[in-house]
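Listed here are the chains, written in short residue letters.
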Amino acid sequence: MEQRHLRAIREMLSDELDECELGLIPTRYELVGDILLVSVPAALQPKRHIVAAAFQSVLGVASVMEKRIVEGEYRIPAHELLAGRRTTTIHNENGILYS
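Figured I'd write up the structure that's included with this text. Sequence order as written defines the numbering, with residues in each chain counted from 1. The predicted origin of the model limits local features to residues at a pLDDT of at least 70 and limits the giving and counting of side-chain atom pairs to 80 or more, whereas totals for whole chains, interfaces and linings rest on all residues. Side-chain numbers come from the whole structure's heavy atoms, not from hydrogens or water.

A few points about the sheet that holds strand 2 (residues 35-38)
- Strands are treated as partners if at least two bridges between them are detected by DSSP. In this text, helices come from DSSP runs of H or I with a minimum length of four residues, and strands from runs of E with a minimum of two, each type numbered from the N-terminal end. Strand order in the open sheet made by the four strands is 1-2-3-4, with mixed pairing throughout. Edge positions in the sheet fall to strand 1 (30-32) and strand 4 (76-83), since each has one partner strand and no second. Sheet twist, expressed as the mean angle between neighbouring strand axes with direction ignored, is 35°.
- Bridge count between strand 3 (residues 63-71) and strand 4: six bridges; the pairing is antiparallel. Paired with E71 across the two strands is I76, which belongs to strand 4.
- The sheet strands contacting helix 3 (residues 48-59) are strand 2, strand 3 and strand 4, and the helix crosses strand 4 at an angle near 80°. An axis is simply a line fitted to the C-alpha atoms; with a helix, the fit covers only the stretch in contact. Between two such axes, the angle follows the N-to-C directions and lies from 0 to 180 degrees. Here, residues are in contact when the closest pair of their heavy atoms is within 4.5 Å.

The structure is reproduced here in structure tokens:
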């Protein structure tokens, strides 16, 4: 994540989170189309929707989803929608559009 984005997210959350929690804000994420996938640490779980809203606002994405475990026979990943409304997007990879 670019440092300016991280600073903006921390500044936006400075009234909601204490210093320790601010240090736990995820610095890695995946961007698939206009949907952000992020892993939220256990200590931030009670405030995950607030953190997701900050990511959505600063990064300008349509939705933020939390990555959960991958399990089952077909290895289908589980995600939880934290901010936004859409869970589908169009992703361009090497000139091929995936939905």
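With respect to the side chain of H5
- Position of H5 relative to the elements: it lies in helix 1 (residues 3-13).
- Excluding residues within four positions of it along the chain, H5 makes contact with V58 and L59.

Focus: the pattern of salt bridges
- By definition here, a salt bridge exists when the distance from a side-chain nitrogen of Lys or Arg to a carboxyl oxygen of Asp or Glu is within 4 Å. Counted by the stated rule, this structure contains eight salt bridges.
- Three or more residues are tied together by salt bridges with common partners; here these are R48, E66, R68 and E80.

Here we look at the pairing of strand 2
- Here strand 2 shows two buried faces, one formed by I35 and L37 and the other by L36 and V38.
- Strand direction decides the pairing type here: strand 1 and strand 2, joined by three bridges, are antiparallel. Looking at the pairing, V32 lines up with I35 of strand 2.
- Hairpin geometry of strand 1 and strand 2 is characterised by an intervening segment of two residues between the two adjacent antiparallel strands and by a positive phi of about 60° at G33.
- Judged from the four bridges that link them, strand 2 and strand 3 form a sheet pairing that is parallel. Bridge pairing in strand 3 links L36 to V64.
- Regarding topology, helix 3 serves as the crossover connection from strand 2 to the parallel strand 3, and that connection is right-handed. Burial classes: relative accessible area under 20% of the type maximum marks a residue as buried, over 50% as exposed, and values in between as partly exposed (1.4 Å probe, protein chains only). By convention a crossover is right-handed if, when the strands point away from the viewer, the path from the first strand over the helix to the second runs clockwise.

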